[in-house]
Amino acid sequence: MSDNYHPNSDVNAAATTKIHHANLQNLPSSTAHRLYKGGIRPGEPSRTRVQAQEMLEKIPPSQRAGMDGKSAASNAKNYLSDKHASHIEPHSKGGSNNPNNIKWENAKDNIARGDKTMSWQEKMRLNAKWQFDNLAGAVKAGFQAAPLGAAVGAVTTAPFSLLTNALRVVRGEISAQEATTATLKDTVMGGAVGGTTAFATTAVAAACPPIAIALTTAAPILAVVGTAGMVYEFFKILDDHKQTVRIYYESLTQQELERLQAIENEVIYEHQKNLEFLAEAEVINQEIKNRPIALGIEEAMQRLRESVAIAQYLGLTSADSNLLPDSQLPYLPPHS
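Along each chain, residue indices are assigned from 1 in the same order as the chain's sequence is written. It should be noted that, the model being predicted, local features are given only for residues of pLDDT at least 70 and side-chain atom pairs only at 80 or more, the latter also being counted only at that level, while totals for whole chains, interfaces and linings use all residues. As a rule here, side-chain values cover all heavy atoms of the structure and leave hydrogens and water aside.

*Asks:* What is the right way to read the overall build of the chain from this model?
*Replies:* Labels follow the DSSP assignment, with helices taken as runs of H or I lasting at least four residues and strands as runs of E lasting at least two, numbered in each case from the N terminus. Per the secondary structure count, the chain includes nine helices and four strands. Listed by position from the N terminus, the elements making up the chain come as α-β-α-α-β-α-β-β-α-α-α-α-α. When each of the 336 residues of the chain is scored for burial, the buried share is 31%. It only takes one pair of heavy atoms within 4.5 Å for two residues to be counted as in contact. Here the analysis covers contacts within the chain between residues at least 6 apart in sequence; of these, 66% occur between residues at least 24 apart. Relative accessibility decides the category of a residue: with a 1.4 Å probe and only protein chains considered, values under 20% of the type maximum give buried, values over 50% give exposed, and everything between is partly exposed.

*Asks:* Just to check I follow, could you spell out the pairing of strand β3 (residues 83-87) for this structure?
*Replies:* The side chains of a regular strand alternate between both faces of the sheet. Counting buried positions over the five residues of β3 gives four, a clear majority of the element. The rule for pairing is simple: two strands pair if DSSP sees at least two bridges between them. In this structure, β3 lies alongside strand β4 (residues 102-106), joined through five bridges in antiparallel fashion. Residue pairing in the sheet places His 87 in a bridge with Ile 102 of β4.

*Asks:* What should I look at first to understand the packing of helix α6 (residues 120-170) against helix α7 (residues 176-207) in this one?
*Replies:* Between two packed helices, both the angle of their axes relative to each other and the distance between the axes serve to describe the pair. Lines fitted to C-alpha atoms define the axes here, with helix axes fitted over just the stretch in contact, and angles between the N-to-C directions of these axes take values from 0 to 180 degrees. Two elements in contact, α6 and α7, have axes whose closest approach is 4 Å; the angle formed by their N-to-C orientations is 155 degrees. With respect to their mutual orientation, α6 and α7 come out roughly antiparallel. Of the two elements, α6 crosses α7, and the hand of that crossing is right-handed. When its residues are assigned to classes, the contact of α6 with α7 shows 19 nonpolar, 14 polar and one charged. We call two directions roughly parallel when the angle between them is under 35 degrees, roughly antiparallel when it is over 145, roughly perpendicular when it lies between 65 and 115, and oblique otherwise. Whether a crossing is left-handed or right-handed is set by the direction in which the near helix is turned from the far one by less than a right angle, anticlockwise for left-handed and clockwise for right-handed. Amino acid classes used here: Ala, Val, Leu, Ile, Met, Phe, Trp, Tyr, Cys and Pro are nonpolar; Asp, Glu, Lys and Arg are charged; the rest, including Gly, are polar.

*Asks:* Where do I start with the pattern of salt bridges in this structure?
*Replies:* Oppositely charged side chains can pair when the atoms bearing their charge come close. The working definition used for a salt bridge is a side-chain nitrogen of Lys or Arg within 4 Å of a carboxyl oxygen of Asp or Glu. All told, the structure shown has nine salt bridges when counted by the stated rule. For Arg 113, the salt bridge identified is with Glu 105, shortest N-O distance 2.5 Å. Taking the relative accessible area as the measure of exposure, Arg 113 reaches 7% and is therefore buried. For Glu 173, the salt bridge goes to Arg 168, with nearest N and O atoms at 3.4 Å.

*Asks:* What am I meant to see in a nonpolar patch on the surface here?
*Replies:* Within the patch definition used here, like charges are joined within 9 Å and nonpolar side chains (Val, Leu, Ile, Met, Phe, Trp, Tyr) within 5 Å, considering only residues with over 30% relative accessible area and no salt bridge. Using a 1.4 Å probe, accessible areas were evaluated by the Shrake-Rupley method; residue-level cover was limited to the displayed protein chains. Taken together, Val 231, Phe 234, Phe 235 and Leu 238 make up a surface patch of nonpolar side chains, about 350 Å² in accessible area. Checked against the element boundaries, Phe 234 lands in helix α8 (residues 209-289).

*Asks:* Would you mind showing me how to read the environment of Asn 106 here?
*Replies:* Position of Asn 106 relative to the elements: it lies in strand β4. Assessed through its relative accessible area of 22%, Asn 106 is described here as partly exposed. Among all residues touching Asn 106, those that are not within four sequence positions of it are Asp 82 and Lys 83.

*Asks:* When you look at the nonpolar core in this model, what are you seeing that I'm missing?
*Replies:* Inside soluble globular proteins, nonpolar side chains tend to come together where they are buried. Joining through side-chain atoms within 4.5 Å is the link that ties buried Ala, Val, Leu, Ile, Met, Phe, Trp, Tyr and Cys residues into a set, and such a set is a nonpolar core. Core analysis: the biggest nonpolar cluster contains 17 residues, and Leu 27, Leu 35, Ile 59 and Trp 104 have the highest contact counts within it. At the level of elements, α2 (29-37), α3 (49-57), α4 (69-80) and β4 are the ones that each hand at least two residues to this core. In terms of residues, this core owes the most to one element, α4, which gives five residues. If we skip the residues at most four places from it in the chain, Leu 27 touches Ala 22, Ala 32, Leu 35, Leu 56, Ala 73 and Ala 76. By size, the runner-up hydrophobic cluster in this structure holds seven residues, among which are Ala 65, Ala 141, Ala 205 and Ala 206.

*Asks:* Please clarify how the packing of aromatic side chains should be interpreted in this entry.
*Replies:* One pair of aromatic rings is described through two measures. These are the centre distance and the angle between the planes. In this analysis, rings of Phe, Tyr and Trp, with Trp reduced to its six-membered ring, are considered paired at centre separations within 6.5 Å, and the interplanar angle assigns stacked below 30 degrees, edge-to-face beyond 60, and tilted for intermediate values. Counted under the stated rule, the structure contains two aromatic pairs. Relative to Phe 235, the ring of Phe 234 lies with its centre 5.3 Å away and its plane at 80 degrees, an arrangement referred to as edge-to-face. Under the relative-accessibility criterion, Phe 234 is labelled partly exposed at 36%. By relative accessible area, Phe 235 is classed as exposed at 52%. Above the plane of the ring of Tyr 79 lies Lys 83, whose end atom (NZ or CZ) is 4.1 Å from the centre. We call a charge positioned above a ring when the Lys NZ or Arg CZ atom is no farther than 6 Å from the ring centre and deviates by at most 35 degrees from the ring normal.

Have a look at this one:
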């Protein structure tokens, strides 16, 4: 199969990839409440909407991403389920509730620190944990998207591979069993390409919101490109079949011309041999006719022997004359 099918699998798999990052309006009230009030003591004012959005963005992007708004909000809620809004500078030492002074941290670690200032080692650990959580969420999102991408890749590849291999069967290039095997192989390969594309695209988009936005914007264009690519591939397969058949019949015509030329050359060669044989036979015939005829039986027998030798040389047999081999010549005693 041509690798031209695989770009179609790539494009169509990418076009069906959908990644949403949670917004404040998508969140359940309990999750939104934590963004507004997390780490704030009773009686203190809540954060503003802008600050609440900043608190949301402190969640690793892939941990607040999903196939739609609902799943994205659910993932954000699950991520925060065991987290505290930990102050870098403790509240007791004048630390503010501004998002710049807050990190999402496992509740047990925040409780264990108490009212101590967060050390630089702890901040580095939390930063590393944030990166790890973002990577883990991206991989998880990629694996969730891979089956759909594989299905899209297989569906995109199968009909074109089937058409290509069916035409190869018609042309006599492969058997029906070989065509079935090749189609299954191409379909599996298309599914693998689509699944890989969906995994990679989804993972990157989940970990990087700007790419997710760009992908969502480009999805209609990718869908058009994928459809156009499939239409192009369909007509290309038919055109390739047409060209292959034309070249095949042209080769048959050339082979036939070469065969006829070889036959003609053979006929000419045989004819030339016959002409040479006839010319030689004519010379010998003239020699026989022009031999002097001596009197006597012994001279006549000598001429007969010479004539038999000449006839044998010319390829004549007893079927042509009863005087040739398999026949008995008259016996005459040698002349003394």
